[in-house]
Amino acid sequence: MKINNCTNMINSLECDALLLLNESNMHYLCGFSPSEGAVLLLKDGSAYHFVDSRYTEEAENHAKETGLRVIEITSKFTDEVADICKRHNVQKIAFENETISLKAYNAYKEATGCKFTGIDSRLMRIRNVKSADEIELMKQANSIAEKSFIELLNYVEAGKTEKEMQSYFDYLMAKNGSDGLSFSTILLTGAHTSLPHGVPSDKVIHKGDFVLFDFGATYKGYHSDMTRTIAVGSATDEMKEMYSLVLNAQLAGIGALKNGVKCSDVYQAAYDVLEEKHMGKYFRHSLGHGVGLDIHEGFSSSPKSEDIYEVGNVTSVEPGIYIPNKFGIRIEDVCIVTENGCENISTVDKSLLII
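Predicted, not measured: the structure shown is a model, and the values here were computed from it.

## Examining helix H1 (residues 2-12)
Then step 1. Of all the residues in H1, the buried ones are Ile3, Cys6, Thr7, Met9 and Ile10. Down the axis of H1, the smallest arc covering the buried residues is 155 degrees, so these residues share one side. Away from the buried face of H1 by more than 90 degrees, exposed residues Asn8 and Ser12 are located.
Then step 2. Glutamate 14 sits one or two positions beyond H1 and adopts a positive phi of about 55 degrees.

## Regarding the pairing of strand S5 (residues 92-95)
Successive side chains on a regular strand alternate, one facing one side of the sheet and the next facing the other.
Then step 1. What you see with S5 is no split at all: Lys92 and Ala94 on one side and Ile93 and Phe95 on the other are buried throughout.
Then step 2. Relative to S5, strand S1 (residues 17-20) is paired through 3 bridges, and the arrangement is parallel. If you follow leucine 18 over to S5, its bridge partner there is alanine 94.
Then step 3. Sheet topology places S5 next to strand S6 (residues 115-118); 4 bridges connect them, and they run parallel.

## Points about helix H4 (residues 77-87)
Then step 1. Within the sequence span of H4, burial applies to Phe77, Thr78, Glu80, Val81, Ala82, Ile84 and Cys85.
Then step 2. Buried positions along H4 lie against S1, strand S2 (38-42), strand S3 (47-51), strand S4 (69-72), S5 and helix H5 (102-112).
Then step 3. Looking one or two residues beyond H4, the residue adopting positive phi is asparagine 89, at roughly 55 degrees.

Procedures and definitions
The residue numbers shown here count from 1 along each chain, following its written sequence. The predicted origin of the model limits local features to residues at a pLDDT of at least 70 and limits the giving and counting of side-chain atom pairs to 80 or more, whereas totals for whole chains, interfaces and linings rest on all residues. Note that water and hydrogens are dropped before the side-chain values are worked out from all heavy atoms of the structure. Buried means the residue's accessible area, taken with a 1.4 Å probe over protein chains only, is under 20% of the maximum for its type, while exposed means over 50%, and partly exposed covers the values in between. Put simply, DSSP H or I for four residues or longer makes a helix, DSSP E for two residues or longer makes a strand, and each gets a number counted from the N terminus. Think of it as the arc spanned by the lines of direction from the helix axis to the C-beta atoms. In this analysis, strands are considered paired if DSSP registers two or more bridges between them. Any two residues having at least one pair of non-hydrogen atoms within 4.5 Å are treated as being in contact.

Read these as geometric descriptors, not functional statements.
Laid out in structure tokens, this is it:
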């Protein structure tokens, strides 16, 4: 199905082949993420995966399922790709104009002598509709992250630092089966929680602090993403009120997420809840982003987005408020757009936890 989707794109562009160099795009077709390589897909559906000797065995193992023919290079990637293009009389190649380096573009264009046509966001839009197999891998990644978070909660206490907790969290995800982190774990406490993408420091957790955890595991190339905010020891009435507000905003966003709905309307559903308490000005990012082989891919539910959700899209829903030098709160789940609304794959309780 993946190859068929891509060959349809090749034909729609009136090209003879598709050249992939982006790691995530290669993974989409070849089943794993080589740090270097190339995939050449011809319009008749035949496909070649070019690797160096570091990846030959792994590529051949995956080829049993993907059907790609593995070619171990003996000279340069450009020369090997050019040889296949010559053999198949390839004249026009579709390429990743949004991600390719100028150096690579010039090298492949010179080696093949072909005309190159950019695919723009076409492949990302194909990837943005997830198959059942892809969704299952994302659920597995999410399960690893959730299990690790629940274990971590047993170790969160006043006196420990952000870095200390972050390092232990990363260890727990590896121990529980994560292939790697979706991104650098964000673990912040106290006034640092007002930094949407703050970096963990030596700041110590104190009683009465919020602690914000933004984290994700990966499994066979696919990512998870979740944010939870808890309180340590106690929480003021204001903290409880603002937490409830963010949670209600998230529930409104999830409730609005469905097939055929504008991404901007999903954003607006959450924003309107925050603005009821005049807190919209403290919401400083989009409501969510697509998740898959990249931690940010596909549609973004921002107020300026013109995209429309469709069945198979997977997106985060993560409203937050960030009051400078005071505190921040974010709650994030990952949801799958379905025929009847959406499926929330995040299962960790979202009521305010005070430990």
